[in-house]
Amino acid sequence: MNSEPRMLLGTLLPPGRMIRSDEGDGDAQPLWLSDAPVSAALWTRIRAEHGRTGLWPLLLDALDPGDGEFRPWESGELFPDSVSSSETHDPAELLAYWWQEHTAVDEDDDPLAPDERLAVTAPFGARWPGLAPRHTAVGDPDELADEYAEHFAAGRPHLRLGLVVAGCGADALTVAGWGGPVNYGGIAKFSAVVRDWEQRFGARVVAVGFSTLHLSIATPPTRMEDALLIAAEHFAFCPDNIWQGSYPTLTSYAEQLVDVNCWDFWWD
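Nothing here was measured: the structure is a model prediction, and the numbers come from that model.

Asks: Just checking my understanding: could you explain the overall build of the chain for this structure?
Replies: When you go through the chain residue by residue, the secondary structure sums to 10 helices and seven strands. Its C-alpha atoms give the chain a radius of gyration of 19 Å, within 12% of the compact-globule value 18 Å for 268 residues. With respect to the three principal axes, the spread of C-alpha positions in the chain is 55 × 40 × 35 Å. A total of 268 residues make up the chain; the buried ones form 51% of that total. For the chain, contacts bridging at least 24 residues in sequence account for 73% of all contacts bridging at least 6. With the model as given, the accessible surface of the chain reaches about 11,800 Å², and the carbon-plus-sulfur share is 49%.

Following this line, the structure appears as structure tokens:
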């Protein structure tokens with residue numbers, strides 16, 4: 001990245017600096033990070049300039065905002081040299097593969113009985129149901145992203161701004177070397193799925209934490225039938241949302257997706 005992203009922007013940036021990756025050879029500087037918290041309004045102004053500047057803004061959260069390291073961002077726990085391109089991965093194949101992995105029953109090392117395990121993903125059980133259909137957006141994806149950024153930041157005054165040179169928010173995750181779902185595979189694979197959601201559901205990457213991801217959604221499901229298919233995609237993408245979340249079955253998780261314009265993910 002240009003070491004002076006402020007030279008590309010028509011928006012005045014707060015003090016900040018390039019972050020050097022603490023992984024690999026240590027030469028990569030994939031991310032510009034503000035020194036202090038920022039407002040959602042700044043995120044919105046920079047997002048509006050993305051088409052001209054190529055800079056995608058991220059509202060960055062930390063594992064522990066008060067620990068002085070603002071992990072993983074200020075601590076440089078980023079992996080930009082160890083990732084492939086999201087364009088080399090097929091999102092439909094990835095989701096189907098992950099689904100099979102996460103629904104497989106291990107009778108020797110599973111706290112649930114086989115029928116209990118398959119009940120988690122009912123009504124599909126171990127059968128991958130396929131992708132949810134694309135629908136026409138009911139609102140402008142970028143405007144809805146701006147609204148969600150304001151909502152997300154309202155209760156998190158510690159958020160900082162990250163800037164990444166990327167064609168879209170999904171690719172910004174890979175370019176920055178974010179390692180959130182590292183226990184489940186390389187980040188480029190997850191970026192490939194998010195890119196597909198950008199096209200099918202008007203998703204926009206708004207905020208990222210140590211192991212959390214927050215997307216605005218322009219086309220949420222309006223029917224339970226579609227919500228179940230999207231819930232299946234979410235389970236394949238991030239099984240901890242259900243395994244470790246407040247909605248322990250696919251059906252209960254799907255119910256809270258209906259008419260909701262944001263998707264949140266966290267990996268344990």
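Back to the write-up after that little detour.
Asks: Whenever I open this one, unusual backbone geometry confuses me. Can you help?
Replies: Look at the link from R71 to P72: it is a cis peptide, with omega at 5°. With respect to the element layout, P72 can be found in the loop between β3 (55–60) and α3 (91–103). Of note, the bond from A122 into P123 is cis; its omega dihedral lies within 30 degrees of zero at 10°. With respect to the element layout, P123 can be found in the loop between α4 (114–120) and α5 (141–154). Of note in the backbone geometry, F70 takes a positive phi value of approximately 45° without being a glycine. Position of F70 among the secondary structure elements: in the loop between β3 and α3. The class of F70 is buried, set by a relative accessible area of 3%. Non-glycine residue D259 carries a positive phi angle of around 60°. Mapped onto the elements of the fold, D259 is located in the loop between α10 (250–255) and β7 (262–266).

Asks: I tried to follow the packing of aromatic side chains on my own but got confused; where do I start?
Replies: Tallying each qualifying case throughout the model produces 17 aromatic pairs. Arranged with centres 6.4 Å apart and planes meeting at 70°, the rings of W99 and F124 form a pair that is edge-to-face. Residue W99 is located in helix α3, and its partner F124 is located in the loop between α4 and α5; the two are separated by 25 residues in the primary sequence. In this structure W99 comes out as buried when scored by relative accessible area, which is 0%. When the centroid spacing of 5.2 Å and the interplanar angle of 70° are considered together, the rings of F190 and F237 count as edge-to-face. Here the residue F190 occupies a position in helix α7 (residues 187–201), and F237 occupies one in helix α8 (residues 224–237), the gap between them amounting to 47 residues. For the pair formed by F190 and F237, the shared burial category is buried. Through successive ring pairs, a cluster of aromatic residues spans W98, W178, F190, W197, F201, F237, W263, F265 and W267. Over the ring of F70 we find R160, and its NZ or CZ is 4.4 Å from the ring centre.

Asks: Help me out: how do you make sense of the nonpolar core in this one?
Replies: A general feature of soluble globular proteins is that nonpolar side chains tend to end up buried together. Core analysis: the largest hydrophobic core is formed by 78 residues, its most contacted members being W197, L213, F237 and F265. With nine residues, the single largest contributor to this core is α8. Setting aside residues no more than four positions away along its own chain, L213 makes contact with L173, W178, V194, V205, A207, V208, F237, W263, D264, F265 and W267.

Asks: Where do I start with the packing of helix α1 (residues 40–48) against α5 in this structure?
Replies: When two helices pack together, you describe them by how their axes are tilted relative to each other and by the distance separating the axes. The interhelical angle for the contact between α1 and α5, taken along N-to-C directions, is 160°, at an axis separation of 8 Å. The pairing of α1 with α5 is recorded here as roughly antiparallel in orientation. The hand of the α1/α5 crossing is right-handed. Between α1, through A40, W43, T44 and R47, and α5, the contact on the second element is made entirely by D142, A145, D146, A149, E150 and A153. Partitioning the contact of α1 with α5 into residue classes produces five nonpolar, one polar and four charged.

Asks: How should I be thinking about α5 in this particular structure?
Replies: Residues separated by three or four positions in an α-helix point in the same direction, a consequence of the helix having 3.6 residues per turn. Its 14 residues give α5 an end-to-end C-alpha distance of 20 Å, which sits within 8% of 20 Å, the value for a rise of 1.5 Å per residue. Residues of α5 that are buried include every one of P141, L144, A145, D146, Y148, A149, F152 and A153, and no others. Those residues of α5 that are buried are in contact with α1, β3, β5 (204–208), β6 (212–216) and β7.

Conventions and cut-offs
- Residues numbered from 1 in each chain as written.
- Predicted model: local features only at pLDDT ≥ 70, side-chain atom pairs only at ≥ 80, totals over all residues.
- Heavy atoms only, no water.
- Helix = DSSP H or I, 4+ residues; strand = E, 2+ residues; numbered from the N terminus.
- Rg over C-alpha atoms; globule rule 2.2 N^0.38 Å.
- Buried < 20%, exposed > 50% of the residue type's maximum accessible area, 1.4 Å probe, protein only.
- Contact = heavy atoms within 4.5 Å.
- Areas by Shrake-Rupley, 256 points an atom, 1.4 Å probe, with all protein chains shown as cover.
- Phe/Tyr/Trp six-rings, centres within 6.5 Å; stacked < 30°, edge-to-face > 60°.
- Lys NZ or Arg CZ within 6 Å of the ring centre and 35° of its normal.
- Core = buried A, V, L, I, M, F, W, Y, C linked by side-chain atoms within 4.5 Å.
- Axes fitted to C-alpha atoms, helices over the stretch in contact; angles between N-to-C directions.
- Parallel < 35°, antiparallel > 145°, perpendicular 65-115°, else oblique.
- Left-handed = near helix turned anticlockwise from the far one by under 90°.
- Nonpolar A, V, L, I, M, F, W, Y, C, P; charged D, E, K, R; others polar.
- Expected span 1.5 Å × (residues − 1).

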